[in-house]
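# Structure assessment
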Amino acid sequence: MDRINIGRVVAGGLLAGLVLNVFEYVLNGVILSDEWETAIANLGLAPTSGSAMAMFIVLFFLLGIIAVWLYAAMRPRFGPGPRTAVFAGLLVWVLVYVYPTMYNGLWPIFPHSLMMTATVVGFFEVPIGTMAGAWLYREGEPAATDSI
């Protein structure tokens, strides 16, 4: 069994993170922007700052790297390809979207409609991002980031 190619995990993870960030921007920054502003104002909080937005972006790139690392770890058991990438993406979706949404639903801080919309979009977003990142992942082949 080959070792996980960390350079390819990072390269693929950054691509996956880009996909996740695009989905998140369109969903939360465009489509649901007004609803999020209202929900945050209803909590008596200040609007989301630029530094918080930057942190969200970094976190989604990190999530992409984690998803591709999981894909790389699953490859020996499930085989390379989109099927394994979808499995890895769905596992990440359950851990990052479903579980926290159910847990936080016990204390309705944000409207359930916002949380459910994010969870449903995540069902597509995370596997698609993971497949994009998995497309770049190869074992035993250096990525551009391997020489850094």
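Presented here is a report on the structure given in the accompanying data block. Quick caveat: nothing in here was measured; it's all calculated off a predicted structure.

Reading the values: the criteria
Residues numbered from 1 in each chain as written. Predicted model: local features only at pLDDT ≥ 70, side-chain atom pairs only at ≥ 80, totals over all residues. Heavy atoms only, no water. Helix = DSSP H or I, 4+ residues; strand = E, 2+ residues; numbered from the N terminus. Buried < 20%, exposed > 50% of the residue type's maximum accessible area, 1.4 Å probe, protein only. Salt bridge = Lys/Arg side-chain N within 4 Å of Asp/Glu carboxyl O. Core = buried A, V, L, I, M, F, W, Y, C linked by side-chain atoms within 4.5 Å. Contact = heavy atoms within 4.5 Å. Phe/Tyr/Trp six-rings, centres within 6.5 Å; stacked < 30°, edge-to-face > 60°.

Next up on the list: the overall build of the protein chain. Per the secondary structure count, the protein chain includes five helices and zero strands. For the protein chain, the succession of helices and strands along the chain, N to C, is α-α-α-α-α. Along the first, second and third principal axes, the C-alpha set of the protein chain runs to 50 × 30 × 20 Å. Counting every position in the protein chain, which comprises 148 residues, the buried fraction comes to 36%.

Below, the discussion takes up the pattern of salt bridges. Any two side chains of opposite charge can pair, given that their charged atoms come close. Counting across every chain of the model gives one salt bridge. Taking the shortest distance from any N to any O, the salt bridge between glutamate 139 and arginine 75 comes out at 3.7 Å. Taken together, the residues span a long stretch of sequence, with glutamate 139 in the segment after α5 (112-136) and arginine 75 in helix α3 (residues 50-78) at a distance of 64 residues.

If you look at the biggest cluster of nonpolar residues, it comprises 20 residues, and the most contacted ones within it are Tyr71, Val92, Val126 and Tyr137. Among the secondary structure elements, those contributing two or more residues to this core are α1 (6-31), α3, α4 (82-104) and α5. Here tyrosine 137 is in contact with Arg3, Ile4, Asn5, Arg8, Val9, Val68, Tyr71, Ala72 and Arg75, once residues within four sequence places are set aside.

A few words on the packing of aromatic side chains. Working definition: an aromatic ring pair is given by the centre-to-centre distance plus the angle between the planes. Tallied over the full model, the rule gives seven aromatic pairs. Taking 5.0 Å as the distance between ring centres and 75° as the angle between the ring planes, the aromatic pair formed by tryptophan 93 and phenylalanine 123 counts as edge-to-face. Remark: phenylalanine 123 occurs in helix α5 and tryptophan 93 occurs in helix α4; sequence separation between them is 30 residues. In this structure an aromatic cluster arises from ring pairing among Trp93, Phe123 and Phe124.

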